[in-house]
Amino acid sequence: GFFQSYAVEVDVKDASNATCLYAKWMMRFLIKYETNSSDYKNTTLNLSSSVTHNGSVCGNDTQAALLAVQFGEGHSWSINFTKTNETYQGDFITFTYNTNDTAVFPDAKRKGPITVVVKDTMRPVQLNNVFVCHNTDFFEAENVTQIFWNVTVQAFVQNGTIGKKESRCRADTPTSAPTVPPTIANVTTASTTTLSPAPTTAPKPVENPDTGNYSLKSGNKTCLLATVGLQLNVSQDKPLLININPKTTSADGACGNTTATLKLNDGNSTLIGF
């Protein structure tokens, strides 16, 4: 598959050996770093087959739950969860990468651990429900793009039993995508994604899609140009053909040394990624 990474599964136990925090997900990181020659390189950090979860905390009414993992040569990632009487939700995501890992960061100018903190966008989830998000989600900050997919998580598990009812993320829930003006893409660190909800209605019959021009820049240089007309064939109860409208679609993505990724968005919905 496109994503070459390992799935992480963490089952945190309380003092009575009952599950209090459970998560299974996949993630990878796209990182832009400066070299000793003062130019910038893009690198990909994947999870290794050996992941620990030292420091994870169950949490309670007064203390946040913490899901923490460590992997590779000095890299770590964590998210804390807060709760109310009825719901829980992710709060902050903390990612630390270590540029002393020369296999991932060859010729890095800055040496040692670098930490990036972002606010999670997870909506409140009912207690006893499992949060599930199969679609790809992105967080971009400080030259780092964090990519997550196939996420299953439940914080503040009651009585050691994982809930059977799911709360799905927005991207997994089909809705009508809003029409918004396009924005100009000038992104240096982003990535690819998967098909997200399509509009629930489409004109019939569906005509050939309009051709759009999309481009990405790395610094001041254009690194990717694409002129394409796109039509999605969505498998539902009945086949649904949807044309991608270039006038309401913006481009995002990243350019590497040997690969490039292009992500097309319509409003807050990611339509497709390459």
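Quantities reported herein were computed from a predicted structural model and do not represent experimental measurements.

1. Notes on the overall build of the chain
Part 1 of the argument: Summing up its helical and strand segments, the chain has zero helices and 20 strands in all.
Part 2 of the argument: Across the 274 residues of the chain, 46% fall into the buried class.
Part 3 of the argument: Across the chain, the fraction of contacts at a sequence separation of at least 24, relative to all contacts at a separation of at least 6, is 57%.
Part 4 of the argument: When the accessible area of the chain is evaluated, it comes to approximately 14600 Å², of which 48% is carbon and sulfur surface.

2. Remarks on the side chain of Thr43
Part 1 of the argument: With respect to the element layout, Thr43 can be found in strand β3 (residues 40-46).
Part 2 of the argument: Relative accessible area serves as the criterion here: at 13%, Thr43 is assigned to the buried category.
Part 3 of the argument: From its side chain, Thr43 meets the backbone oxygen of Val104 in a polar contact 2.7 Å long.
Part 4 of the argument: Discounting residues that sit within four places of it in the chain, Thr43 has contacts with Phe29, Leu30, Ile31, Tyr33, Val104 and Phe105.

3. Section: the pattern of salt bridges
Part 1 of the argument: Enumeration over the complete set of coordinates arrives at six salt bridges.
Part 2 of the argument: Between Asp61 and Lys83 there is a salt bridge whose closest N-O contact spans 2.9 Å. Note that Asp61 is positioned in the loop between β4 (51-52) and β5 (65-71) and Lys83 in strand β6 (residues 75-83), a separation of 22 residues in sequence.
Part 3 of the argument: Here Glu166 makes a salt bridge to Arg168, at a shortest N to O gap of 2.9 Å.
Part 4 of the argument: Relative accessible area serves as the criterion here: at 35%, Arg168 is assigned to the partly exposed category.

4. What about unusual backbone geometry?
Part 1 of the argument: For Asn128, which is not a glycine, the phi torsion comes out positive at approximately 80°.
Part 2 of the argument: Note that Asn128 resides in the loop between β9 (125-126) and β10 (130-133).
Part 3 of the argument: With relative accessibility at 39%, the residue Asn128 sits in the partly exposed group.
Part 4 of the argument: Look at Asn159: it is not a glycine, yet its phi comes out positive at around 60°.
Part 5 of the argument: Looking at where Asn159 falls in the secondary structure, it is placed in the loop between β12 (144-154) and β13 (166-168).

5. Here we look at the state of the cysteines
Part 1 of the argument: Applying the stated rule across the entire model yields two disulfides.
Part 2 of the argument: Through a disulfide, Cys20 is tied to Cys58; the S-S separation comes to 2.0 Å. The chirality of the disulfide connecting Cys20 with Cys58 is left-handed, given an S-S dihedral of about -70°. Taken together, the residues span a long stretch of sequence, with Cys20 in strand β2 (residues 19-34) and Cys58 in the loop between β4 and β5 at a distance of 38 residues. Just as Cys20 is buried, Cys58 falls in that class too.

6. Brief notes about the packing of aromatic side chains
Part 1 of the argument: Throughout the structure, instances matching the rule amount to nine aromatic pairs.
Part 2 of the argument: Geometrically, the ring pair formed by Phe29 and Phe95 is stacked, given 3.9 Å between the ring centres and 5° between the ring planes. Here Phe95 lies in strand β7 (residues 87-98) and Phe29 lies in strand β2, a separation of 66 residues in the sequence. Taken individually, Phe29 and Phe95 each receive the classification buried, so the pair is uniform in this respect.
Part 3 of the argument: A centroid spacing of 5.3 Å and a plane angle of 80° characterise the contact between Tyr33 and Phe105, whose relative ring orientation is edge-to-face. Here Phe105 lies in the loop between β7 and β8 (113-119) and Tyr33 lies in strand β2, a separation of 72 residues in the sequence.

7. Focus on the confidence of the model for the chain
Where the model shows low pLDDT, its predicted coordinates should not be examined in detail.
Part 1 of the argument: The predicted model of the chain has a mean per-residue pLDDT of 80, with 71% of residues at 70 or higher.
Part 2 of the argument: Ignoring residues within four places in sequence, the model shows residues 181-198, a span with pLDDT below 50, making 75 contacts including any to other chains.
Part 3 of the argument: Segment residues 200-204 is flagged for pLDDT under 50; beyond a separation of four residues in sequence, or across chains, it makes four contacts in the model.

Rules behind the numbers
Residues numbered from 1 in each chain as written. Predicted model: local features only at pLDDT ≥ 70, side-chain atom pairs only at ≥ 80, totals over all residues. Heavy atoms only, no water. Helix = DSSP H or I, 4+ residues; strand = E, 2+ residues; numbered from the N terminus. Buried < 20%, exposed > 50% of the residue type's maximum accessible area, 1.4 Å probe, protein only. Contact = heavy atoms within 4.5 Å. Areas by Shrake-Rupley, 256 points an atom, 1.4 Å probe, with all protein chains shown as cover. Polar contact = N/O pair within 3.5 Å; in protein donor to acceptor, adjacent residues only side chain to side chain. Salt bridge = Lys/Arg side-chain N within 4 Å of Asp/Glu carboxyl O. Disulfide = S-S within 2.5 Å. Phe/Tyr/Trp six-rings, centres within 6.5 Å; stacked < 30°, edge-to-face > 60°. pLDDT = per-residue confidence, 0-100.

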